[in-house]
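A structural walkthrough
What follows is each chain in one-letter form.
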Amino acid sequence: MFRKLYLAYGLFVLGTAGFAQFRGWSLDRINQLKNVPKSVRDNPGSYRSVYSGYHHYTGGK
Amino acid sequence: MNSGAPPLSGPPKPQAKALNCPACGTSITLRSFGQAETVVCGSCHSILDAKDPNLAILQKFEQATRDVRPLIPLGTRGKLRGTDYEVIGFQRRKTTVDEITFYWHEYLLFNPYKGFRYLSEYNGHWNDISICKQLPLVEGTFSAAPGSGANYLGEQYKHFQTCAASTDFVLGEFPWQVRVGESASVTDYVHPPRVLSSEELNKEVTWSIGEYLYGREIWEAFRLPDSPPEAQGVYENQPSPVGIDLKNLWLTFAGFAVFLVVLMVGFDVISKKEPVLHETYQLNRADTRGEVSFVTDVFELTGRTSNVKVKTYSPVNNHWIYVNYALINHDTGEAWDFGREVSYYQGYDSDGSWSEGKQNDEVVIPSVPAGHYYFRIEPEADPTLPGIPYTPYTVDVRRDVPVAGIYGIAFIILLVPPLIISLRSYSFERTRWEESDHPPTPILQPSSSEDDS
């Protein structure tokens, strides 16, 4: 019984992995936005990334 | 006749014989119809010769054990595995290991047409026992040698333990000359849920085969009140609760792993990895007043909805560059916004040379539909850094790339069930064999210094 369950489980996992690759899923977190104004193309400075002002590591060892 | 008890099967209907104990006069009922060798008076605990018409007294034992009460009262009838049986005898046996005495109980069952069989009970663990129909083949040293075993009806049994077992309480009838204090050498071989036992007494060896039963099965068979005592610990032939063929399970996992590799290679082959953008830019760190953000030319992403990989490379050395990206759909205004840092530090200290970070970075944007796109790019770097004020960086964009992490996660998800089950099974088997003559090696060995102290 468990083996059948595991078979179904494994096939589901493999199917999901194949689907994920086919649909181009990614493990990276990307912020998605809607309706960015067309004016950005002419004036890139009018758009500010949500990641602007990110605190950078400046040390090293 | 007890109207509540199930009738014994098949004609003719034998009759129990009633006698009186010669020691105390108490009425004694013989239920095994002449097959008993001894019968025990339930009142004065005299062991009587059942073959003697006058019930000669063979032994009287201490009554200090009167508090021993069979969980299944003598005379109880029930249907065990399709056959009617009556409980006609009970004995408590014991063995002493490392100065600890272990007790277990044995019930003698009788059917006038099927004969005798036994039930044993230890700490809530039950076994249905019958005499072997043929002689098992013993392999290796007969006694407790590691690796020794026995073969019975083509099934391999592992040696579990050999001990001296003695009887310290008896009640009812027995088809042998039972005596309190009588000691026999008992050897158990296991192949869960079965146990193969040899019992050597006066150079006569009796082999029996037992099968593990759960208390509830006994209670249902004999229609006993309340519930059976809860099983304590793990018994020698108790079936593993995992109940799965681990070899098959791991073979299935191996099959999945191979399929996963095939999937990975297949997608690697069919992925287009189509170059979309490859440009090198310069960031002027000295220009702190002007707008550093800019947009790329519009490019087309073709094909099905798929991912987009953005690779950033910069030859930074003890320095960093941070690039804000926005992949913007020129037609719909939908955007994927993210920032990536490239930093690399290296040096030399008392521990030797060291380095930290990388001069390149990769990110995969998920599920981007086909369409016309452009990037808005806004680089940042430390404006106070001395030296050449320009930091070059290269942006490489590819469409439809394989993502190895997906297969890594799938592998781990596939691995979890067999791993958990194997650990459970290992733990159960370890507990089982801890009680044997061949206990597993302790995981943590005591140090010799502790032994010395």
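Residues numbered from 1 in each chain as written. Chains lettered and ligands numbered in written order. Predicted model: local features only at pLDDT ≥ 70, side-chain atom pairs only at ≥ 80, totals over all residues. Heavy atoms only, no water.

**Thoughts on the overall build of chain B**
- Within chain B, the secondary structure is distributed over four helices and 26 strands.
- Taken over the C-alpha trace, chain B has a radius of gyration of 40 Å; the compact-globule value for 453 residues is 22 Å, which it surpasses by more than 25%.
- Its C-alpha atoms give chain B principal-axis dimensions of roughly 120 × 60 × 40 Å.
- Across the 453 residues in chain B, those meeting the buried criterion constitute 45%.
- The long-range share in chain B, meaning contacts at least 24 apart out of those at least 6 apart in sequence, stands at 64%.
- Only carbon and sulfur atoms are counted for the fraction: they give 53% of the accessible area of chain B, which is about 22900 Å².
- Positive and negative side-chain charges in chain B, numbering 38 and 56 respectively, have mean positions lying 10 Å apart. (Helix = DSSP H or I, 4+ residues; strand = E, 2+ residues; numbered from the N terminus. Rg over C-alpha atoms; globule rule 2.2 N^0.38 Å. Buried < 20%, exposed > 50% of the residue type's maximum accessible area, 1.4 Å probe, protein only. Contact = heavy atoms within 4.5 Å. Areas by Shrake-Rupley, 256 points an atom, 1.4 Å probe, with all protein chains shown as cover. Lys, Arg positive; Asp, Glu negative; His and termini not counted. Charge placed at Lys NZ, Arg CZ, Asp CG, Glu CD.)

**As for the interface of chain B and chain A**
- Chain B puts 64 residues into the contact, and the matching count from chain A is 46 residues.
- Here chain B and chain A share an interface that buries about 5000 Å² over both sides, 60% of which is from carbon and sulfur atoms.
- Of all residues in chain B, Phe256(B), Asp337(B) and Ile406(B) bury the most surface against chain A, accounting for 13% of the area lost on that side.
- Along the contact surface separating chain B from chain A lie one salt bridge.
- One salt bridge in this structure joins Lys34(A) and Glu334(B), with 3.2 Å as the shortest N-O distance.
- Linking chain B to chain A there are 22 residue pairs in polar contact (both at pLDDT 80 or more). (Buried area = accessible area lost by both parts, 1.4 Å probe. Salt bridge = Lys/Arg side-chain N within 4 Å of Asp/Glu carboxyl O. Polar contact = N/O pair within 3.5 Å; in protein donor to acceptor, adjacent residues only side chain to side chain.)

**Description of the nonpolar core**
Residues and elements named next belong to chain B.
- In terms of nonpolar packing, the biggest core is built from 27 residues, with Val310, Ile365, Phe375 and Val395 touching the most fellow members.
- For this core, the secondary-structure elements that each account for two or more residues are β17 (274–284), β19 (299–301), β20 (306–313), β21 (319–329), β22 (335–349), β24 (360–368), β25 (371–381) and β26 (390–399).
- Val310 has contacts with Tyr325, Phe338, Asp361, Glu362, Val363, Ile365, Phe375, Val395, Asp396 and Val397, leaving out every residue within four places of it along the chain.
- With 20 residues, the next largest nonpolar core counts Phe256, Leu263, Val401 and Ile421 among its residues. (Core = buried A, V, L, I, M, F, W, Y, C linked by side-chain atoms within 4.5 Å.)

**Description of the domain arrangement of chain B**
- What the domain assignment reports for chain B is domain 1 (17–221), domain 2 (246–266 + 406–434) and domain 3 (272–401).
- Summarising the inter-unit geometry, the C-alpha centres of domain 1 of chain B and domain 3 of chain B are found 81 Å apart. (Domains from an automatic or database assignment.)

**Re the packing of aromatic side chains**
All names here are of chain B.
- Enumeration according to the criterion identifies 23 aromatic pairs over all chains in this entry.
- Judged by centre distance (5.0 Å) and plane angle (50 degrees), the rings of Phe90 and Tyr107 are tilted. A residue pair is termed long-range when its members are at least 10 positions apart, and Phe90 in strand β7 (residues 83–97) and Tyr107 in strand β8 (residues 100–111) qualify at 17 residues. One exposure class covers both Phe90 and Tyr107, and it is buried.
- Pairing Trp336 with Tyr373 gives two aromatic rings, centres 6.1 Å apart and planes at 50 degrees, and the pair type is tilted. (Phe/Tyr/Trp six-rings, centres within 6.5 Å; stacked < 30°, edge-to-face > 60°.)

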